[in-house]
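A look at the structure
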Protein chains: 2
Amino acid sequence: MKDSTYPSLLLENAVNQFARLPGIGRKTAFRLALYVLESDRQFAEDFANAVLTLKNEVKRCRCCKNISDTDLCQICSNPKRDSSIVCVVESVRELMLIENTASFNGLYHVLGGVISPMDGIGPGDLEISSLVQRVEEGGIKEVVFALSTTTEGNTTAYYIARKLAHTGVLLSAVAQGVAVGDELQYADELTLGRSIENRVPYRL
Amino acid sequence: MKDSTYPSLLLENAVNQFARLPGIGRKTAFRLALYVLESDRQFAEDFANAVLTLKNEVKRCRCCKNISDTDLCQICSNPKRDSSIVCVVESVRELMLIENTASFNGLYHVLGGVISPMDGIGPGDLEISSLVQRVEEGGIKEVVFALSTTTEGNTTAYYIARKLAHTGVLLSAVAQGVAVGDELQYADELTLGRSIENRVPYRL
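With an unreviewed UniProt entry as reference, chain A is termed Recombination protein RecR, source organism Candidatus Enterocola intestinipullorum. Reading the Sequence similarities (unreviewed entry) entry of the UniProt record for chain A gives the comment "Belongs to the RecR family."

When the UniProt feature table is mapped onto this chain numbering, "domain: Toprim" (unreviewed entry) sits at residues 84-179 of chain A. Taken end to end, residues 84-179 of chain A is 33% helix and 20% strand, and its first and last C-alpha atoms sit 28 Å apart.

A separate point is the nonpolar core. Where a protein is soluble and globular, its nonpolar side chains tend to be buried together. Membership of the largest hydrophobic core comes to 83 residues, with the highest contact counts inside it found for Leu11(A), Phe18(A) and Phe18(B). Contact partners of Leu11(A), with chain neighbours within four places excluded, come to Tyr6(A), Phe30(A), Ala33(A), Leu34(A), Leu54(B), Ile67(B) and Met96(B). The next biggest cluster of nonpolar side chains, apart from the first, holds 21 residues, and it includes Ile140(B), Ile160(B), Leu171(B) and Ala173(B).

What follows deals with the interface of chain A and chain B. Much of the literature gives interface size as the accessible area that the parts lose upon coming together. With 56 residues of chain A at the interface, the matching set in chain B holds 56 residues. Regarding the contact of chain A and chain B, the summed buried area is about 5800 Å², with carbon and sulfur atoms giving 69% of it. One can count 2 salt bridges joining chain A with chain B. A salt bridge links Glu38(B) to Arg93(A), with the nearest nitrogen and oxygen atoms 3.7 Å apart. Applying the counting rule to chain A against chain B returns 11 residue pairs in polar contact (both at pLDDT 80 or more). Looking at the side of chain A that touches chain B residue by residue, the classes come out as 31 nonpolar, 12 polar and 13 charged.

Glancing now at the sheet that holds strand β7 (residues 200-201) of chain B. Residue and element names in this part refer to chain B. Taken together, the 5 strands give an open sheet; going across it, the order is β4-β3-β5-β6-β7, and neighbouring strands pair in mixed fashion. Edge positions in the open sheet fall to β4 (106-110) and β7, since each of these has one partner strand only. Sheet topology note: the strand β5 (residues 142-145)/strand β6 (residues 170-173) ladder contains 4 bridges and is parallel. In the strand pairing of β6, Phe145 is matched with Ala173. Across the face of the sheet, helix α5 (residues 129-136) comes into contact with β3 (82-89), β4 and β5 while running at roughly 150 degrees to β4. In the packing of helix α6 (residues 151-164) onto the sheet, contacts are made with β3, β5 and β6, and the angle to β5 comes to roughly 170 degrees.

All names here are of chain A. Structurally, the position occupied by Val143 is in strand β5 (residues 142-145). Judged by relative accessible area, which is 0%, Val143 ranks as buried. Along the sequence, Val143 and Ile98 sit 45 residues apart, while their C-alpha atoms lie 15 Å from each other. Among residues more than four places away in sequence, those in contact with Val143 are Val86, Val88, Val135, Leu164, Val169, Leu170, Leu171 and Ser172.

Let's shift gears to the pattern of salt bridges. Residue and element names in this part refer to chain B. Across all of its chains, the model carries 6 salt bridges over all chains by this definition. In this structure, the salt-bridge partner of Arg62 is Asp71, at a minimum N-O distance of 2.8 Å. The exposure class of Arg62 is exposed, given its relative accessible area of 53%. Looking at Asp71, the relative accessible area reads 47%, which means it is partly exposed.

Let us now look at the side chain of Glu142(B). Residues and elements named next belong to chain B. Of note, Glu142 is situated in strand β5. With relative accessibility at 11%, the residue Glu142 sits in the buried group. Polar side-chain contacts of Glu142 include one of 2.7 Å to the side chain of Ser172. With residues up to four places along the chain from it excluded, the contact list for Glu142 reads Ser84, Ile85, Val86, Val169, Leu170, Ser172 and Arg199.

A word on the sheet that holds β5(A). Residue and element names in this part refer to chain A. In space, the 4 strands of this open sheet follow the order β4-β3-β5-β6, with parallel pairing throughout. Unpaired on one side and paired on the other, β4 (106-110) and β6 (170-173) mark the two borders of the sheet. On average, each strand axis in the sheet is inclined to that of its neighbour by 25 degrees, with strand direction left out of account. In terms of strand pairing, strand β3 (residues 82-89) meets β4 through 5 bridges, oriented parallel. Its bridge partner lying in β4, Asp82 is registered against Gly106.

What counts, and where the lines are drawn
Residues numbered from 1 in each chain as written. Chains lettered and ligands numbered in written order. Predicted model: local features only at pLDDT ≥ 70, side-chain atom pairs only at ≥ 80, totals over all residues. Heavy atoms only, no water. UniProt positions renumbered as here; feature names shortened; annotations may be inferred. Helix = DSSP H or I, 4+ residues; strand = E, 2+ residues; numbered from the N terminus. Core = buried A, V, L, I, M, F, W, Y, C linked by side-chain atoms within 4.5 Å. Buried < 20%, exposed > 50% of the residue type's maximum accessible area, 1.4 Å probe, protein only. Contact = heavy atoms within 4.5 Å. Buried area = accessible area lost by both parts, 1.4 Å probe. Salt bridge = Lys/Arg side-chain N within 4 Å of Asp/Glu carboxyl O. Polar contact = N/O pair within 3.5 Å; in protein donor to acceptor, adjacent residues only side chain to side chain. Nonpolar A, V, L, I, M, F, W, Y, C, P; charged D, E, K, R; others polar. Pairing = 2+ DSSP bridges. Axes fitted to C-alpha atoms, helices over the stretch in contact; angles between N-to-C directions.

Here it is, written out as structure tokens:
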């Protein structure tokens, strides 16, 4: 859709705003803006309100920095969770993915990103000192790194490991290996090599 | 993403609102809501504002009912356009598609939909009487139907043709370059442009 043909600047502005969202191109943005235009006023108000409220009123859990409506999030305040294990994740995205696996019963610590000098993100921009403080306060036996296996993720894990060294806490990281359900012939060499090095006892 | 796992009702509400948009599933809606959460406050405000302003302040051209920021739209107020030919379209979507073909130099009339008893849309819900009035006022030699070649589109063209019969205006329809049964909004520009150039007399 050529920009010069928008019949209204208000429409063009709305298209521009929708197109700023990730994965939304100009054609989709135009379709979404027209949908708003053609739906009833209540929808536009509910929609705009949900976006504003989300940004302005959502809280961060004072313990794990997960987003929450309450001072202490549902996970941190759940007495059935094992508070001696803390899983370190980049964002609430990964936290929710791990929660959906139902394979982890400990608590979390949301960093809010990974160390990335290219993007100007240093350790001071992340929730690292709050993690170190949590561990120093005691009660935590193990810290699990569930970070992306990228340079940035590895750097961040290394940095945190150094910062936690004096506490003597047990450090671990999610296993790297062949994905469940994958054909072995399509696994990349690095992953395959790692999965052989880290082989585990076979259980019948 | 299972709904029970959202760590915040505000987040869940925002996901629900995004998921109401056409073509946006719950996974994408979650990604968009998180993007809003992670971007700066100005973005959320600009975005919500654009949506609200679009819905509340956009005008309809008093002549052709196209959306417009002004009382008379850019097309109707352009002296270089041929005001003796009026192209009847369902919505601003089709109008913009035709404008992008650069194959049509006349004016438009935006119906705001097509007759569709299944959806409870009758002739009275559409801008048909305003079209008849425009033609009756004189100066219009030809009315071109650029409606979807669906039952609803055909019914609408037929209804309007009957309503315009007494004026003696020349009726035409986009050529059947558009595949029968296709929605007009999905036609490619070349086919759409060709179909307007080759428009044929409309037969009752």
